[in-house]
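Examination of the molecular architecture
So you can see what is in the structure, the chains are spelled out below.
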Amino acid sequence: MEKRKVIILGTGPAGLTAAIYAARANLEPLVIEGDQPGGQLTITTDVENFPGFPDGILGPELMENMRKQAEKFGAAFLSGWVTAVDFSQRPFKITVDEEKQYDAEAVIISTGASAKMLGIPGETENIGHGVSTCATCDGFFFRGKRIIVVGGGDSAMEEANFLTKFASELTIVHRRSTLRASKVMQDRARNNSKIKWELDTTPISVQTDGAKVTGLEVKDNQTGETRVLETEGIFVAIGHQPNTAFLGGQIDVDPVGYITRTDPLTTATNIPGVFACGDVADAHYRQAITAAGSGCQAAMDAEKFIEGSSSHDWSLSLSK
Ligand code: NAP
């Protein structure tokens, strides 16, 4: 059993920023990487809104830089998947890959969120054969082909605009007649002459020829009629699910699964000594810079908790 002052779960902008701050505070953090080291930014291309990079920076490069910065100050990284946690008493217990056990005085949860799926027949079994959740990863494979993007939020608009670089024809399928996306993103998509729209239309099933995707069966919500939109590629861009299932109900979450922090001024959860930062606790902003900012807060909260020097009463978390 290895014992650590701080264990950080996840390596997106929140986890890596927490690692930089915790390492610089001599807390020698252990960072558990999860199944997507670097998080969601590793599957994006240009990041143009992270301060400090006037010409933008590639997502994977930004994450690699953050990781190097954390390592430089002494953060240790462990490749693995957290399979169980025990927050019933301190030190907290973290099990990685069902076998390795770690003790921690404080834990920072920064496990982010994963792409949501439609849950329709033919969808998951055709991931990699025409169904994708990542335009920047897979768009290239659909050069000169027909593409459908499902969703009405900013992600769907962004993916659709990006995919018009490759598609011969691109259609956005959205279940309502109005979009959820911000005005600027909507305008960008609406002004893109390559994008066609199928609004008020619900996806029913993914059609294939046995080997690859050939169409998306949809229902017109007004008439109830079903038909097949022919396509070679279906990009599902309907939001994300916070990665909190592994917590086994020990940390309070909202109905969607986002961790609810018990004090808006800190990153405290319902368990004193367990802190949450980044997308796993943010259903609203979900930006790299807000995740990084909350990672900094979580490391500072953990440091003060371990020192016992904060005027904050962490046990308040339990009574709220
Ligand atoms: P989102 O805002 O939650 O939108 C999800 C979309 O998918 C909604 O239109 C929703 O339909 C639809 N949807 C959800 N479940 C569905 C289902 N089972 N079947 C069919 N459609 C379904 O998620 P997001 O677009 O990923 O954006 C998340 C956050 O990230 C937002 O705050 C957004 O502003 C931000 N973001 C920003 C940028 C940017 O500024 N560059 C880019 C991407 C994301 P309904 O509308 O009917 O609910």
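Structure: see above.
Below or above, wherever it landed, is the structure these notes cover. Just so you know, these numbers come straight off a predicted model, no measurement behind them. (Residues numbered from 1 in each chain as written. Predicted model: local features only at pLDDT ≥ 70, side-chain atom pairs only at ≥ 80, totals over all residues. Heavy atoms only, no water.)

Counted according to the given criterion, the structure contains 10 salt bridges. Among the salt bridges present, the one from E33 reaches R67, with a minimum N-O distance of 2.1 Å. Remark: R67 occurs in helix α2 (residues 59-72) and E33 occurs in the loop between β2 (30-32) and β3 (46-47); sequence separation between them is 34 residues. Take E33: its relative accessible area is 11%, and that puts it in the buried class. (Salt bridge = Lys/Arg side-chain N within 4 Å of Asp/Glu carboxyl O. Helix = DSSP H or I, 4+ residues; strand = E, 2+ residues; numbered from the N terminus. Buried < 20%, exposed > 50% of the residue type's maximum accessible area, 1.4 Å probe, protein only.)

Let us now look at the sheet that holds strand β11 (residues 146-150). Spatially, β10-β17-β11-β12-β13 is the arrangement adopted by the five strands of the open sheet, whose pairing is parallel. A single partner strand is all that each edge strand has here, and the edge strands are β10 (131-132) and β13 (195-198). Sheet topology places β11 next to strand β17 (residues 233-236); four bridges connect them, and they run parallel. If you follow V149 over to β17, its bridge partner there is F235. Packed onto the sheet, helix α4 (residues 154-163) meets β11, β12 (169-173), β13 and β17 and runs at close to 170° relative to β11. (Pairing = 2+ DSSP bridges. Contact = heavy atoms within 4.5 Å. Axes fitted to C-alpha atoms, helices over the stretch in contact; angles between N-to-C directions.)

On to α2. In this model α2 runs 20 Å from its N-terminal to its C-terminal C-alpha over 14 residues, within 8% of the 20 Å that 1.5 Å per residue would give. Among the residues of α2, G59, L62, M63, M66 and A70 are the ones counted as buried. Viewed along the axis of α2, the buried residues span an arc of 95°, placing them on a single side of the element. Packing partners of the buried residues in α2 comprise α1 (13-24), β3, β4 (57-58) and β5 (76-78). Where α2 ends, the next residue or the one after it, G74, has phi of about 105°, a positive value. (Expected span 1.5 Å × (residues − 1). Arc of directions from axis to C-beta.)

Right, let's talk about the sheet that holds strand β16 (residues 226-230) for a bit. Note: strands within a sheet are paired through backbone hydrogen bonds, in either parallel or antiparallel orientation. Reading across from one edge, β14-β15-β16 is the order of the three strands in this open sheet, with antiparallel pairing throughout. Of all the strands in the sheet, just β14 (201-208) and β16 have a single pairing partner and so form its edges. For this sheet, the mean angle separating the axes of adjacent strands, direction not counted, is 30°.

Right, let's talk about the nonpolar core for a bit. V6, I8, F50, L62, A75, I108 and F275 are the most contacted members of the largest nonpolar core, which totals 32 residues. Counting only elements with at least two residues in this core, the list comes to β1 (2-9), α1, α2, β8 (100-109) and α6 (288-307). Filtering out sequence-adjacent residues up to four positions away, V6 remains in contact with L27, E28, P29, L30, A106, I108, A302 and I306. Of all hydrophobic cores here, the second largest spans 24 residues; its members include I32, L247, A276 and A281. (Core = buried A, V, L, I, M, F, W, Y, C linked by side-chain atoms within 4.5 Å.)

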